[in-house]
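# Residue-level structure breakdown
Each chain, written out:
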Amino acid sequence: MERVRRKALVDAALRVIGDHGSLTVTMSDIARQAGVSPALAHHYFGSKEQLLIETIRSLLRQLRSDTVAALKAARTPRARLSAVIRVSFHADQFAPGTIAAWLAFYAEAQRSEETRRFLVIYARRLRSNLLADLKVLLPADAAERIAEGAAAMIDGLYIRQSLKSAPIGIEASIALTEDYLNALLATASPSPRSEKGRPHRTTQGQMT
């Protein structure tokens, strides 16, 4: 029951933050959304700050789990790149409320070192997933440049999606990122490394 209630509070925190568009919510707001008392919310998490940290950890765990599953199903470096892109725009992660919560956490990272640390983990993990297979296809310098560009494009599309006056759908976002990747892969010199014998990568970097 404790695990169920903790998850309900985390899910409620995500919804409330998404609705408010900021972290200026109270434990009472979150508890009300979860259908429990504020006292119970404090019992499980101690403070709103700890509940918010657990909420961002939950987002990262889900993203990691989805990415691991997608990478296991992909059989070539190029297919794994597409898998990373598609997971980045998964319906759960690209929902308006979730995007609003992500942006609220980015704003909080300017003040909170712990929040900033988790967002750095996300950025490094995304870059690492892209770079690992780009290095099979391209020389290292080109792979690093394209990985940075693709990651920046994914983050930028999240920001564009948050502008409700000009939303960009999931498939359109995937197509834009794939077009960027295809254009640069077509103009870059191929890597001398062979794909044969390349071990199949199935996991991401661990979250510390």
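## Digging into the confidence of the model for the protein
On average, residues of the protein score 88 in pLDDT, and 89% of them are at 70 or above. Ranking the elements of the protein by mean pLDDT puts helix α6 (residues 96-108) last with 89 and helix α5 (residues 77-88) first with 96. Residue range residues 194-208 is modelled with pLDDT below 50. Its contacts to residues more than four positions away, or to other chains, number 41 contacts.

## Overview of the layout of surface pockets
Taken as a whole, the largest pocket spans an internal volume of roughly 390 Å³. Along the walls of the largest pocket sit 15 residues, with Lys7, Val10, Asp11, Ser58 and Gln62 positioned nearest its centre. Listing elements by their share of the lining of the largest pocket, those giving two or more residues are α1 (2-20) and α4 (48-73). Looking at side-chain class alone, the lining of the largest pocket contains 3 nonpolar, 5 polar and 7 charged residues.

## A word on the packing of α1 against helix α3 (residues 38-45)
At their nearest, the axes of α1 and α3 sit 10 Å apart, and the two run at 105° to each other. Considered as vectors, α1 and α3 are oriented roughly perpendicular to each other. Across from Glu2, Arg5, Arg6, Leu9 and Val10 in α1, the residues of α3 making contact are Leu40, Ala41, Tyr44 and Phe45. Residues belonging to the contact of α1 with α3 are distributed by class as follows: 6 nonpolar, no polar and 3 charged.

## Quick notes on the nonpolar core
Nonpolar side chains in soluble globular proteins tend to end up buried together. Counting residues in each nonpolar core, the largest one holds 60 residues, and the members touching the most others are Leu130, Leu134 and Leu138. Ignoring sequence-local partners within four residues, the contact set of Leu130 consists of Leu81, Val84, Ala147, Ala150 and Ala151.

## Things to note about the packing of aromatic side chains
Tallied over the full model, the rule gives 4 aromatic pairs. Between Phe89 and Tyr158 the ring centres are 6.0 Å apart and the planes differ by 25°, which places this aromatic pair in the stacked class. In this pair, Phe89 sits in the loop between α5 and α6 while Tyr158 sits in helix α8 (residues 140-162), placing the two residues 69 residues apart along the sequence. By the burial criterion, Phe89 is buried, and Tyr158 matches it. You can call Tyr158 buried: its relative accessible area is 11%. Members of the aromatic cluster, each reached through a chain of ring pairs, are Phe89, Phe94 and Tyr158. Seen from the ring of Phe45, Arg6 lies directly overhead, with NZ or CZ sitting 4.4 Å from the centre. Directly above the ring of Phe118 sits Arg117, whose terminal nitrogen or CZ lies 4.7 Å from the centroid.

What counts and what doesn't
Residues numbered from 1 in each chain as written. Predicted model: local features only at pLDDT ≥ 70, side-chain atom pairs only at ≥ 80, totals over all residues. Heavy atoms only, no water. pLDDT = per-residue confidence, 0-100. Helix = DSSP H or I, 4+ residues; strand = E, 2+ residues; numbered from the N terminus. Contact = heavy atoms within 4.5 Å. 1 Å grid on protein atoms, 1.4 Å probe; cavity = no way out; pocket = protein on both sides within 12 Å on 5 of 7 lines; lining within 4 Å. Points joined across faces, edges and corners; volume = space filled by probe spheres on them. Nonpolar A, V, L, I, M, F, W, Y, C, P; charged D, E, K, R; others polar. Axes fitted to C-alpha atoms, helices over the stretch in contact; angles between N-to-C directions. Parallel < 35°, antiparallel > 145°, perpendicular 65-115°, else oblique. Core = buried A, V, L, I, M, F, W, Y, C linked by side-chain atoms within 4.5 Å. Buried < 20%, exposed > 50% of the residue type's maximum accessible area, 1.4 Å probe, protein only. Phe/Tyr/Trp six-rings, centres within 6.5 Å; stacked < 30°, edge-to-face > 60°. Lys NZ or Arg CZ within 6 Å of the ring centre and 35° of its normal.

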